[in-house]
Amino acid sequence: MADTATEPEARLAVRSTRVVTPDGTRPALITVRGGRIDALLPYDTAPPPGCPLEDAGDDAVLPGLVDTHVHVNDPGRTEWEGFRSATRAAAAGGITTLLDMPLNSLPPTTTVGHLRVKQAVAGPAAHVDTGFWGGAIPGNTDELRPLHDAGVFGFKCFLSPSGVEEFPPLDREHLARAMERIAGFGGLLIVHAEDPRHLTVEPSGGRYADFLASRPRDAENAAVETLVSLARELDARVHVLHLSSAGALPLIARAKADGVRITAETCPHFLTLTAEEVPDGATEFKCCPPIREAANQDALWAGLADGTIDCIVSDHSPCTENLKTPDFGSAWGGISSLQLGLPAVWTEARRRGHRLDDIARWMSAGPARLAGLGRKGALEPGRDADFAIVADDETFTVDPVRLHHRNRVTAYAGRTLTGTVRSTWLRGVRIATDGTPAGPTGRLLERNN
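The rules behind the values
- Residues numbered from 1 in each chain as written.
- Predicted model: local features only at pLDDT ≥ 70, side-chain atom pairs only at ≥ 80, totals over all residues.
- Heavy atoms only, no water.
- Phe/Tyr/Trp six-rings, centres within 6.5 Å; stacked < 30°, edge-to-face > 60°.
- Helix = DSSP H or I, 4+ residues; strand = E, 2+ residues; numbered from the N terminus.
- Buried < 20%, exposed > 50% of the residue type's maximum accessible area, 1.4 Å probe, protein only.
- Lys NZ or Arg CZ within 6 Å of the ring centre and 35° of its normal.
- Pairing = 2+ DSSP bridges.
- Axes fitted to C-alpha atoms, helices over the stretch in contact; angles between N-to-C directions.
- Contact = heavy atoms within 4.5 Å.
- Right-handed = clockwise from strand over helix to strand, strands pointing away.

> Explain the packing of aromatic side chains to me, using residue names and the numbers behind them.
Using the criterion set out here, one finds nine aromatic pairs in the structure. Ring centres of Phe 155 and Phe 185 lie 6.0 Å apart, and the angle between their planes is 70°; on these two criteria the pair is classed as edge-to-face. With Phe 155 in strand β10 (residues 155–158) and Phe 185 in the loop between α4 (172–184) and β11 (188–192), this residue pair connects regions lying 30 residues apart in the sequence. Relative accessible area serves as the criterion here: at 12%, Phe 185 is assigned to the buried category. Taken together, the aromatic side chains of Tyr 208, Phe 211 and Phe 328 make up a single cluster linked through ring pairs. Over the aromatic face of Tyr 43 sits the side chain of Arg 15, whose NZ or CZ is 5.5 Å from the ring centroid. Here the basic side chain of Arg 77 rests over the ring of Trp 80, its NZ or CZ set 5.4 Å away from the ring centre.

Quick look at the structure:
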């Protein structure tokens, strides 16, 4: 299903006083040929004859964001989101590549046949380049290698209930079996890491403190211990999804130092929202694992700074408005942030003294490296000409009406954020301007293509 059409020979030049490259931010002229970056030249270089020039002035040019954790829910629960709406939101938010999670759609991506159904739906609707994770559930071990050969980027599993009956969790025996099979063909297992033995029944009612207590940090910490132990034993490659517990950071750091092949991600909501500020009944803040306290958030930022956490991705998990009841026990758990991830993270990152170079490393290069997307994630010759032009000092107030998510319930409503995406470019073609996407021109991606 990967698009192997010849890239057009159209050319483009982009100039800015601040181009964010792997070697730092500097004035530069980017030249594009055939959809890829041809060269990064001194700022004052004249564009090639006849080559259109996009002059970004002092706005920053960042590599297009890569979001490897998106629940598109299409087909089957398209009223929750959908490839057309999700990828429009991505393009408006500076994201040029996303990977779709295997669950919440019907059917889930647990067989090659199910993958083909999803690809057929996504192909004509994608505004950004789109790839797919497979799923590891009890009973589909024999499907894992065929899915790998069909081009999924890895396999997601849950250690605790997923919230949908068609995607059950793996117990330790099934986890070890799946991990061993995936390691045997060099694949990647990505894990929702909460140990069910440490979870309690989510309490009914509107008190956020009660919900938070039902999903303690010990659940994540114990799950990470299990993953480290099995990955060490089986020499498997594993990735911890949406880490919210800073208590797991020393476990991950020690495992990495010992040569265990483990990586971890966290999400904008864990880095920008705190338990102390969640109003009772405000289930737009409900997610699993949960948003934790401010001190825990500080430690997550430290884990990003020292490299223990490898990347930041959205875990965009939307639902219809009626499923966000004011009861934390019954409300759907998920935060919609696909279009807002860049400004949300940048607002807090700059307050803490980080730079746009860090944003590029955490939200472009890191996710691209995780998924093996060698043509994505950086502004350097030979890579796809995917970039976002960003007014990084400009502020705006989040108005849900301006979001392209199908359901505009968001924990960021009314918040003032810094960083406006002026335009987004995919393989040298403008796909969004001032929050308004153009038509769908994204391609379907497969592993190693």
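> Please provide a residue-by-residue account of the sheet that holds strand β8 (residues 129–132), values included.
Read across the open sheet, the three strands follow the order β6-β7-β8; overall the sheet is parallel. In the strand order of this sheet, the two ends are held by β6 (65–70) and β8, each with one partner. Each adjacent strand pair in this sheet contributes to an overall mean axis angle of 20°, direction not counted. Bridge count between strand β7 (residues 95–100) and β8: four bridges; the pairing is parallel. The residue of β8 that forms the bridge with Leu 98 is Thr 130. Those strands touched by helix α1 (residues 83–92) are β7 and β8, and its axis lies near 140° from that of β7.

> How would you explain the pairing of β10 if you had to name every residue and give the values?
Covered by surrounding structure in β10 are Phe 155 and Cys 157 together with Lys 156 and Phe 158, the residues of both alternating faces. As judged from the two bridges shared by strand β9 (residues 134–135) and β10, these two strands associate in the parallel manner. Among the inter-strand pairings, Gly 135 is bridged to a residue of β10, identified as Lys 156. Once you follow β9 into helix α3 (residues 141–149) and on to β10, the crossover reads as right-handed. Of the crossover connections in this fold, the one passing from β10 over α4 to the parallel β11 is right-handed.

Purely spatial values, then, with no claim about function.
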